[in-house]
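Letter by letter, the chains look like this.
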Amino acid sequence: MKIAALQTVSGADLDANLDGAATLLAEAARAGAELAVLPEYFCLMGQRDSDKLDVREPFGAGKVQAFLAASARELGLWIVGGTLPLVAGSDRHVRNSSLAFSPQGECVARYDKIHLFCFDNGRGEQYDESRVIEAGRTPQTFTLRSRDGHDWRIGLSVCYDLRFPELYRALRADLLLVPSAFTFGTGQAHWEVLLRARAIENLAYVAAPAQGGRHDNGRRTWGHSMVIDPWGELLAQRAEEGAGVVLAEVAQERLRQVRSQLPALDHRVL
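Keep in mind that this is a model prediction, so the values were computed, not measured. (Residues numbered from 1 in each chain as written. Predicted model: local features only at pLDDT ≥ 70, side-chain atom pairs only at ≥ 80, totals over all residues. Heavy atoms only, no water.)

Digging into the side chain of T83
The residue T83 is located in strand 3 (residues 78-87) in this model. Within the structure, the side chain of T83 is placed 2.8 Å from the backbone nitrogen of Y41, a separation counted as a polar contact. For T83, the contacting residues outside a window of four places in its chain are P39, E40, Y41, F42, C43, N96, S97, S98 and V158. (Helix = DSSP H or I, 4+ residues; strand = E, 2+ residues; numbered from the N terminus. Polar contact = N/O pair within 3.5 Å; in protein donor to acceptor, adjacent residues only side chain to side chain. Contact = heavy atoms within 4.5 Å.)

Considerations on helix 1 (residues 14-30)
Relative to the 24 Å expected for 17 residues at 1.5 Å per residue, helix 1 spans 24 Å between its end C-alpha atoms, a close match to the ideal helical length. Taken together, the buried residues of helix 1 touch strand 1 (2-7), strand 2 (35-37), helix 2 (51-55), helix 3 (63-75), strand 3 and strand 16 (244-249). Structurally, the start of helix 1 carries an N-cap: the backbone nitrogen of D15 is 3.1 Å from a side-chain oxygen of D13. After helix 1 finishes, the residue G32 shows a positive phi value of roughly 95°. (Expected span 1.5 Å × (residues − 1).)

Digging into the packing of helix 1 against helix 3
It is at 11 Å that the axes of helix 1 and helix 3 come closest, and there the two elements cross at 20°. Accordingly, the angle class assigned to the pair helix 1 and helix 3 is roughly parallel. Relative to helix 3, helix 1 is oriented so that their crossing is right-handed. Here L14, D15, L18, A21, A22, L25, A26 and A29 of helix 1 come into contact with helix 3, specifically with K63, V64, F67, S71 and L75. (Axes fitted to C-alpha atoms, helices over the stretch in contact; angles between N-to-C directions. Parallel < 35°, antiparallel > 145°, perpendicular 65-115°, else oblique. Left-handed = near helix turned anticlockwise from the far one by under 90°.)

Regarding the pattern of salt bridges
For the structure shown, the criterion picks out 17 salt bridges. Among the salt bridges present, the one from R95 reaches E134, with a minimum N-O distance of 2.7 Å. Here R95, found in strand 4 (residues 94-101), pairs with E134, found in the loop between strand 7 (126-128) and strand 8 (140-145); they are 39 residues apart in sequence, far enough to count as distant. What makes E134 partly exposed here is its relative accessible area of 24%. Of the charged contacts in the structure, one is a salt bridge between K113 and E129, with a shortest N-O distance of 2.9 Å. (Salt bridge = Lys/Arg side-chain N within 4 Å of Asp/Glu carboxyl O. Buried < 20%, exposed > 50% of the residue type's maximum accessible area, 1.4 Å probe, protein only.)

Describing the nonpolar core
Membership of the largest hydrophobic core comes to 47 residues, with the highest contact counts inside it found for L35, F142, W152, L175, L177, W191 and L195. By size, the runner-up hydrophobic cluster in this structure holds 26 residues, among which are A33, L38, L44 and A72. (Core = buried A, V, L, I, M, F, W, Y, C linked by side-chain atoms within 4.5 Å.)

Quick notes on the sheet that holds strand 8
Read from one edge to the other, the open sheet built from six strands follows the order 8-9-10-11-14-15, with strand pairing classed as mixed. Looking at strand neighbours, the two that pair on one side only are strand 8 and strand 15 (234-237), the edges of this open sheet. Averaged over all neighbouring strand pairs, the angle between strand axes comes to 20°, with direction disregarded. Judged from the three bridges that link them, strand 14 (residues 226-228) and strand 15 form a sheet pairing that is antiparallel. (Pairing = 2+ DSSP bridges.)

Some words on the packing of aromatic side chains
Evaluated as defined, the whole model comprises eight aromatic pairs. With 5.3 Å between their ring centres and 80° between their planes, Y160 and F164 make a pair best called edge-to-face. Aromatic ring contacts, followed pair by pair, group F117, F119, Y127, Y160 and F164 into a single cluster. Over the face of the ring belonging to Y41 we find K52, whose NZ or CZ atom lies 4.8 Å from the ring centre. Residue placement shows R220 over the ring face of F184; its charged tip is 3.9 Å from the ring centre. (Phe/Tyr/Trp six-rings, centres within 6.5 Å; stacked < 30°, edge-to-face > 60°. Lys NZ or Arg CZ within 6 Å of the ring centre and 35° of its normal.)

Topic: unusual backbone geometry
If you check the backbone angles, C159 has positive phi at about 45° while not being a glycine. You can see C159 is positioned in the loop between strand 9 (151-156) and helix 4 (165-171). On the accessibility criterion, C159 (6% relative accessible area) is buried. For R172, which is not a glycine, the phi torsion comes out positive at approximately 50°. Mapping R172 onto the fold places it in the loop between helix 4 and strand 10 (175-177). On the basis of relative accessible area, R172 is assigned to the exposed category, the value being 55%.

Structural notes on helix 5 (residues 184-202)
The terminal C-alpha atoms of helix 5, which comprises 19 residues, lie 26 Å apart, in line with the 27 Å expected from a rise of 1.5 Å per residue. Just downstream of helix 5 lies L203, where phi reads positive at about 45°.

Examining empty space enclosed by the protein
For the structure shown, the criterion picks out two cavities of 30 Å³ or more. Taken together, F117, C159, Y160, R163, A181, F182, T183, T186 and R219 make up the full set of residues lining the largest cavity. Looking at the lining of the largest cavity, its residues break down into five nonpolar, two polar and two charged. As a volume, the second largest cavity reaches approximately 50 Å³. Along its surface, the second largest cavity is lined by Y41, C43, L44, K52, V55, T83, L84, P85 and N96. Broken down by secondary-structure element, the contributors of at least two residues to the lining of the second largest cavity are helix 2 and strand 3. Residue contributions to the lining of the second largest cavity peak at three residues, all from strand 3. Residues that form the lining of the second largest cavity fall into these classes: six nonpolar, two polar and one charged. (1 Å grid on protein atoms, 1.4 Å probe; cavity = no way out; pocket = protein on both sides within 12 Å on 5 of 7 lines; lining within 4 Å. Points joined across faces, edges and corners; volume = space filled by probe spheres on them. Nonpolar A, V, L, I, M, F, W, Y, C, P; charged D, E, K, R; others polar.)

As structure tokens, this is what we get:
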């Protein structure tokens with residue numbers, strides 16, 4: 001099965017961001033991808049964290065969800081919409097949610113980001129997602145049947161989740177998705193090594209679409225969207241900033257081979 005990790009440099013204009021996402025999704029479909037995954041915040045990287053409140057949607061309705069459903073139907077793609085802001089339990093917060101759509105345009109899974117990023121380097125770069133985002137509580141997977149008839153267990157996660165390996169153990173997935181918006185500094189230091197670790201320890205494929213470049217709000221994200229195989233080998237990567245499509249083939253035969261020669265998942269004790 002061919003999959004696509006899409007890299008964007010989203011800004012403060014929602015419509016422009018959706019237009020850019022549409023271009024990348026169409027490119028992925030033309031290249032033969034069956035699954036395309038957008039990055040975290042693909043629909044908006046606002047001037048302020050609170051801008052998310054202005055575009056939040058109730059689950060099941062809204063411009064962004066309609067766009068994802070229509071794109072999936074029109075392109076015949078499985079699409080995972082990185083994250084978009086959904087209504088939360090508080091008027092001052094949103095859920096940072098990753099939604100999966102089938103080629104029929106049906107939303108088959110929703111994952112609300114569990115771990116919220118908090119960072120302060122002491123030199124003026126500071127983030128605290130909990131100010132505007134309400135954390136989720138439940139791990140989420142869905143089953144994707146590829147065109148060759150194989151069933152893939154897809155595990156959903158988002159960005160900062162990557163630092164919490166117990167989440168990925170709970171997912172027990174064949175393909176782990178990590179749509180992200182890693183900062184330039186943390187990405188440069190930790191992005192690839194963490195992604196490869198999650199692939200190796202779970203003997204699973206990892207697809208990590210990311211924001212990558214300089215945004216309207218001045219923030220710079222690391223990018224380097226990539227796909228990694230269950231042995232930790234890098235299959236494909238976008239090594240430059242800017243929007244683009246990263247394509248890779250994933251195979252059930254490779255999963256079986258790696259899990260057979262090193263049955264570490266069967267050796268777990270704790």
